[in-house]
Amino acid sequence: MTDKSIYKDVLMDHYRNPRNKSDLSDADAVHRGTNPRCGDDLEVGINLDNKMLSKVRFRGRGCSICLASASMMTETVIGKNKVEAHQLAEGMKSWFGGQGECPVDALKALEAVRGHSARKRCVLLAWEALDDALRAEY
Ligand code: FES
C-alpha cells in the first residue's frame, strides 16, 4: 500500500466517521466558516478548561475533504492550549499556502490533496473557524 492510498483511507475514515461532530450549545465560543463558492458552512465550538481546549467540536455541512479536515482538526487540538492551537492553525495555513512542512504528523494524510489549489479552502475552513473562535476567547 502506498502512502497516497493510506492517506486517502485516513481521509475517508474521518469523512465517514467524523470525530467530535455534534451539538455546540454549551460551547464557550463558536465561530462559523463558510465557503461562498460552494455553500459549505461549518461552525466550530471550543470549550476551555484552565486555558486548555477541553472540547473542540464542529457541525455543519461540507464536502468530504472539508468534513475530514474538520474532524482531524478537532482531534489534533483537543488538549492543547490556545497558543499551541493558534500555532497549529498558522502552520496549516502556511503548509497549504506552499510554505513550510505539515505542522504535526497526525495531519499528514492531507498531503493527498495539498497539490490541488481548489482544495485549499476545503482544508482550511475548519482551521480558520477554530482560529476565529480562539481569538474570541483571547
Ligand atoms: Fe466546499 Fe470543499 S467544496 S469546502
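Residues numbered from 1 in each chain as written. Predicted model: local features only at pLDDT ≥ 70, side-chain atom pairs only at ≥ 80, totals over all residues. Heavy atoms only, no water.

Caption draft 1: Highlighting the overall build of the chain. Counting secondary structure elements, the chain contains five helices and three strands. Walking the chain from its N terminus toward its C terminus, one meets helices and strands in the order α-β-β-β-α-α-α-α. Its C-alpha atoms give the chain a radius of gyration of 14 Å, within 12% of the compact-globule value 14 Å for 138 residues. In terms of its C-alpha atoms, the chain occupies a principal-axis envelope of roughly 40 × 30 × 25 Å. For the chain, buried positions account for 41% of its 138 residues. Across the chain, the fraction of contacts at a sequence separation of at least 24, relative to all contacts at a separation of at least 6, is 58%. Carbon and sulfur atoms make up 45% of the accessible area of the chain, which totals about 7,200 Å². When the 21 basic and 20 acidic side-chain charges of the chain are each reduced to a single mean position, those positions are 5 Å apart. (Helix = DSSP H or I, 4+ residues; strand = E, 2+ residues; numbered from the N terminus. Rg over C-alpha atoms; globule rule 2.2 N^0.38 Å. Buried < 20%, exposed > 50% of the residue type's maximum accessible area, 1.4 Å probe, protein only. Contact = heavy atoms within 4.5 Å. Areas by Shrake-Rupley, 256 points an atom, 1.4 Å probe, with all protein chains shown as cover. Lys, Arg positive; Asp, Glu negative; His and termini not counted. Charge placed at Lys NZ, Arg CZ, Asp CG, Glu CD.)

Caption draft 2: Summary view of helix 1 (residues 3-16). When the terminal C-alpha atoms of helix 1 are compared, their 20 Å separation across 14 residues agrees well with the 20 Å that a helix rising 1.5 Å per residue should span. Taken together, the buried positions of helix 1 are occupied by Tyr 7, Leu 11 and His 14. Viewed along the axis of helix 1, the buried residues span an arc of 65 degrees, placing them on a single side of the element. Facing away from the buried side of helix 1, by more than 90 degrees, are the exposed residues Lys 8 and Arg 16. In the core, the buried residues of helix 1 are packed alongside helix 2 (64-77) and helix 4 (111-114). (Expected span 1.5 Å × (residues − 1). Arc of directions from axis to C-beta.)

Caption draft 3: Spatial organisation of the pairing of strand 2 (residues 40-49). Counting buried positions along strand 2 gives seven out of ten residues, so the element sits mostly inside the fold. Relative to strand 2, strand 1 (residues 29-35) runs antiparallel, the two being bridged by seven bridges. Each bridged residue has a counterpart across the sheet, and for Val 30 the counterpart in strand 2 is Gly 45. Between strand 1 and strand 2, which follow one another and run antiparallel, lie four residues, and Gly 39 among them has a positive phi close to 85 degrees. In the sheet, strand 2 pairs with strand 3 (residues 52-61) via nine bridges, with the strands oriented antiparallel. When the sheet's bridge partners are listed, Glu 43 is paired in strand 3 with Arg 59. What sits between strand 2 and strand 3 in their antiparallel hairpin is a turn of two residues, with Asn 50 showing a positive phi close to 55 degrees. (Pairing = 2+ DSSP bridges.)

None of the figures reported here should be taken as evidence of function without further support.
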